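Chain and residue survey
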Amino acid sequence: MKIIDGKKISNEKRAEIKERVVKIRQQTGKIPGLATILVGADPASQIYINSKIKACENVGIKSFHHTLNENSSKEDIIALIKKLNENPEIDGILLQLPLPQNKNAQDCLNSISPLKDVDGLHPFNAGLLNLSKSWDEIIEKNILVSCTPLGVMHLLLKSNIEVEGKTAVVVGRSNLVGKPLSMLLLSKNATVIIAHSKTKNLKEICRSADIIVAAIGKPNFINREFIKNGAAVIDVGINRTPEKIYGDVNFDSVKDMDIEITPVPGGVGPMTITMLLENTLKAFSNRK
Ligand code: NAP
């Protein structure tokens, strides 16, 4: 088993981003800015938001954090987003999901200016991703793509894992992870299978994969029976228990296999935050 070290790859990328921020400051006198919004006080969301703010500080991106109380209405959230849309110091806006009490998150996301939509969840940016014909086009046009899928692609490319012509099985079809990642893998010429809770013969389908991505949200769900030797396994899952964080892949059961795999923690998680920083710089440049 070979570990895909998300922390190391992420740190290298953050060092590069830090240098780019310095250059931006020297050349324009401006500092890229990211606004984060947390609604309520969910402990896991608080941890994510704090990591994002700290990551911004570490690379020199200015962060503007807003907390709204749990009972804030959809209209309150949209009113704040509209203010942030108009603030010239802010290049990116991140609304931490999930929102409490089943508020309609997509309505709130739709109110983010597409130019500041650093999570790529506005229909305009999701549409651009779907319409693009190739990975190169996505990169050249600076399309804002959801951070976790972008991070997964970065891990694959940096680890020299061949994507073109390979069979990729993505387990999970959420708008945040599964769907955009499938489009990115397709843009890199993989043959993509999207699996979900109604998929039949999931084990057999997964065993056909050269690249398998688990984005399910069920601890240890994928074990060695789902994986063929030689595969690359990307574990997106973050399943918190009081003792430990588990991925969606049963790491112990695949330890002796001839595979490459991202650990949890230390795999996809750090890359997600790094891609948020990357997207903030993209948004800065697109807004100019
Ligand atoms: P989600 O919206 O709950 O989607 C889960 C997906 O898994 C759904 O498409 C669901 O299928 C599918 N699924 C559920 N049970 C299944 C089963 N038994 N067999 C096959 N598919 C099944 O979750 P998400 O937002 O995509 O997140 C997925 C995981 O990634 C979570 O653990 C989350 O915490 C983690 N995550 C990590 C990061 C990171 O930075 N590392 C970022 C985002 C999310 P249906 O559509 O049919 O219901």
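Residues numbered from 1 in each chain as written. Predicted model: local features only at pLDDT ≥ 70, side-chain atom pairs only at ≥ 80, totals over all residues. Heavy atoms only, no water.

Things to note about the environment of Val 213
Applicable threshold: Each helix corresponds to a stretch of at least 4 residues labelled H or I by DSSP, and each strand to a stretch of at least 2 residues labelled E; elements are numbered beginning at the N terminus.
Position of Val 213 among the secondary structure elements: in strand 7 (residues 211-214). Residues Val 213 and Asp 235, 22 residues apart in the sequence, show an inter-C-alpha distance of 6.0 Å.

Some details on the sheet that holds strand 2 (residues 33-39)
Across a sheet, strands are paired by hydrogen bonds formed along the backbone, either parallel or antiparallel in direction. So the rule is basically this: Pairing between two strands requires that DSSP report at least two bridges joining them. All axes are obtained by fitting lines to C-alpha atoms, using only the stretch in contact for helices, and the reported angles, taken between N-to-C directions, cover 0 to 180 degrees. By definition in these notes, contact holds between two residues if any of their heavy atoms fall within 4.5 Å.
Ordered in space as 3-2-4, the three strands form an open sheet in which the pairing is parallel. Single-partner strands in this sheet number two, and they are strand 3 (62-68) and strand 4 (92-95). The mean inter-strand angle of the sheet, taken between neighbouring strand axes irrespective of direction, is 15°. With seven bridges connecting them, strand 2 and strand 3 associate as parallel partners. Looking across to strand 3, one finds that Ala 35 is bridged to Phe 64. Packed on one face of the sheet, helix 2 (residues 43-59) meets strand 2, strand 3 and strand 4 and runs near 170° to strand 2.

A word on the sheet that holds strand 5 (residues 167-171)
If you walk across this open sheet you meet the six strands as 1-11-8-7-5-6, and the pairing is parallel. Looking at the sheet topology across the chains shown, the edges are occupied by strand 1 (2-3) and strand 6 (191-195). Two strands pair when backbone bridges link them, and strand 5 and strand 6 are joined in this way by five bridges, in the parallel orientation. Residue pairing in the sheet places Val 171 in a bridge with Ala 195 of strand 6.

Topic: the site of the ligand
What counts here: Think of it this way: one heavy atom of a residue within 4 Å of a molecule or strand is enough to make that residue near it. Definition of a polar contact: a pair of N or O atoms within 3.5 Å, with one able to donate and the other able to accept a hydrogen when the atoms are protein atoms, and with sequence-neighbouring residues admitted only if both atoms are side-chain atoms. Residue exposure ignores everything except the shown protein chains as possible cover, and the areas themselves are Shrake-Rupley values with a 1.4 Å probe. All residues other than Ala, Val, Leu, Ile, Met, Phe, Trp, Tyr, Cys, Pro, Asp, Glu, Lys and Arg, Gly among them, are scored as polar; the first ten of these are nonpolar and the last four charged.
Around the ligand there are 22 residues in total, and Arg 173, Ser 174, Ser 197, Ile 238 and Thr 272 lie nearest to it. The separation between an oxygen atom of the ligand and a polar side-chain atom of Ser 174 is 2.5 Å. Its free accessible area being 920 Å², the ligand has 72% of it covered by the protein chains. Looking at the shell around the ligand element by element, the count peaks at three residues for helix 11 (residues 268-287). Here the residues of the shell around the ligand sort into ten nonpolar, ten polar and two charged.

Observations regarding helix 3 (residues 74-86)
Rules: Helices are assigned an expected span. That span is 1.5 Å times one less than the residue count. Three exposure classes are used, based on accessible area relative to the maximum for each residue type with a 1.4 Å probe and protein chains only: buried under 20%, partly exposed in between, and exposed over 50%. This arc is taken over the directions from the axis of the helix to the C-beta atoms.
With 13 residues, helix 3 should reach 18 Å at 1.5 Å per residue; the first-to-last C-alpha distance of 19 Å fits that figure. The complete set of buried residues in helix 3 reads Ile 77, Ile 78, Leu 80, Ile 81, Leu 84 and Asn 85. Buried residues of helix 3, seen end-on, are gathered within an arc of 160° and therefore sit on one face of the element. The exposed residues of helix 3 that point more than 90 degrees off its buried face are Glu 75, Lys 83 and Glu 86. On its buried side, helix 3 packs onto strand 2, strand 3, strand 4 and helix 4 (105-110).

Notes on the domain arrangement of the protein
Quick note on the threshold: Domain ranges listed in this record stem from an automatic or a database domain assignment. Simply put, the buried area is the total loss of 1.4 Å probe accessible area from both parts when two parts are fitted together. A side-chain nitrogen of Lys or Arg and a carboxyl oxygen of Asp or Glu constitute a salt bridge if their distance falls within 4 Å.
Once the domains are mapped, the protein shows domain 1 (29-118) and domain 2 (145-268). A separation of 28 Å is found between the C-alpha centroids of domain 1 and domain 2. Taken together, the four residues of domain 1 in the interface contact four residues of domain 2. Summing both sides of the interface, domain 1 and domain 2 together bury roughly 350 Å²; the carbon and sulfur share of this comes to 51%. The three residues of domain 1 that bury the most area against domain 2 are Ile 47, Tyr 48 and Val 118, which together make up 67% of that side's buried surface. Where domain 1 touches domain 2, the interface holds zero salt bridges. At the junction of domain 1 with domain 2, the criterion picks out one residue pair in polar contact (both at pLDDT 80 or more). For the side of domain 1 that touches domain 2, a count of residues per class yields four nonpolar, no polar and no charged.

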